[in-house]
Amino acid sequence: MSKVIRKVVADPPIMTVGDLIDELCRLPDTALVSFHCPMLEQELTFYRLRRRSKAVVEIEVNASPQSIPSAA
């Protein structure tokens, strides 16, 4: 694993609920939200929210089956 990838994995950016609300509030209620992992070049699908503590919520996603890279 390259140093660049290790750095990205080791220090993920922090997003607060306020940050997320600021981004999403500009969109209409009918807007679709998609998740993408640029490192793996995969689309992700929402799975669930998990409350980890009073101040931490985890958004769980899965790899979208149609975007999983095939082993060549």
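Before reading on, note that the structure itself is shown above.
Rules behind the numbers
Residues numbered from 1 in each chain as written. Predicted model: local features only at pLDDT ≥ 70, side-chain atom pairs only at ≥ 80, totals over all residues. Heavy atoms only, no water. Helix = DSSP H or I, 4+ residues; strand = E, 2+ residues; numbered from the N terminus. Buried < 20%, exposed > 50% of the residue type's maximum accessible area, 1.4 Å probe, protein only. Contact = heavy atoms within 4.5 Å. Areas by Shrake-Rupley, 256 points an atom, 1.4 Å probe, with all protein chains shown as cover. Salt bridge = Lys/Arg side-chain N within 4 Å of Asp/Glu carboxyl O.

Draft legend 1. Local environment of the overall build of the protein chain. Scanning the protein chain for helices and strands turns up two helices and three strands. The secondary structure elements of the protein chain, listed N-terminal to C-terminal, are α-α-β-β-β. Out of the 72 residues belonging to the protein chain, those deemed buried represent 7%. Restricting to contacts in the protein chain with at least 6 residues of sequence separation, those with at least 24 account for 20%. In the structure as shown, the protein chain presents an accessible area of about 6700 Å², 61% of it carried by carbon and sulfur atoms.

Draft legend 2. Region of the structure containing the pattern of salt bridges. Evaluated as defined, the whole model comprises four salt bridges. Its salt-bridge partner being arginine 48, residue glutamate 60 comes within 2.7 Å of it at the nearest N-O pair. On the criterion of sequence distance, the pair formed by glutamate 60 in strand E3 (residues 56-63) and arginine 48 in strand E2 (residues 42-53) is long-range, its members being 12 residues apart. Judged by its relative accessible area of 14%, glutamate 60 is buried. For arginine 48, a relative accessible area of 35% translates into the label partly exposed. The salt bridge partner of glutamate 60 is arginine 50, with a shortest N-O separation of 3.2 Å. Placement of the pair is glutamate 60 in strand E3 and arginine 50 in strand E2, with a sequence separation of 10 residues. Exposure remark for arginine 50: the relative accessible area of 32% places this residue in the partly exposed category.

Read these as layout, nothing more, since geometry by itself doesn't imply function.
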